Amino acid sequence: VTMTKKLLIAGMILLAVALVALAADAVTGKWVSETQGRDGTPRQTTYDLKADGAKLTGTATGGMGGGGGAPAPAQISNGKVDGNNVTFEVTRDFGGNSMTMKYVGVVSGSDMKLTITMPGFNGGDPRVTEATAKKQ
């Protein structure tokens, strides 16, 4: 009985390791989403993500309006992967003012549904945007 129990535990550990590896593969890669800007202009954002176990790192490029072209890639912080769920933050600086956007996503095949929360301007209510990123 103890040998069977040991094999069962070893099998469960291997299955857990395999599931974490599959989740990392599902998240890791380049993702592109398009959202509507406040002025109605579509804005494209590219996410280069790398999952390492429960840790998520990478960059986000584009997505913000304003003159001068697309902003430089911004590092992702506080990134986490939990199965098909991801969370991360992106902080950008605008003329000495920083803004942190919070992302919550669910990966399903080659789609990642994102909920993006931006802080309100001048203490106003946060703005929440939905987007679907496609794996490239």
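All of the points below concern the structure found in this document.

Calculation notes
Residues numbered from 1 in each chain as written. Predicted model: local features only at pLDDT ≥ 70, side-chain atom pairs only at ≥ 80, totals over all residues. Heavy atoms only, no water. Phe/Tyr/Trp six-rings, centres within 6.5 Å; stacked < 30°, edge-to-face > 60°. Helix = DSSP H or I, 4+ residues; strand = E, 2+ residues; numbered from the N terminus. Buried < 20%, exposed > 50% of the residue type's maximum accessible area, 1.4 Å probe, protein only. Salt bridge = Lys/Arg side-chain N within 4 Å of Asp/Glu carboxyl O.

Applying the stated criterion across every chain yields a total of 3 aromatic pairs. Their ring planes at 65° and their centres at 6.0 Å tell us that Tyr47 and Phe88 sit as a pair that is edge-to-face. Of this pair, Tyr47 sits in strand S2 (residues 42-52) while Phe88 sits in strand S5 (residues 85-94), placing them 41 residues apart in sequence. With 5.8 Å between their ring centres and 75° between their planes, Tyr47 and Tyr103 make a pair best called edge-to-face. Pair noted here: Tyr47 is in strand S2 and Tyr103 is in strand S6 (residues 97-108), with a separation of 56 residues, a long-range link. Look at Tyr47 and you get buried, because its relative accessible area is 1%. Taken together, the ring pairs connect Tyr47, Phe88 and Tyr103 into an aromatic cluster.

Throughout the structure, instances matching the rule amount to 2 salt bridges. When the shortest N-O distance is used, the salt bridge between Lys102 and Glu89 registers 3.7 Å. Of the two residues, Lys102 sits in strand S6 while Glu89 sits in strand S5, which places them 13 residues apart along the sequence. Judged by its relative accessible area of 19%, Glu89 is buried. Residue Lys134 pairs with Asp111 through a salt bridge whose shortest N-O separation is 3.0 Å.

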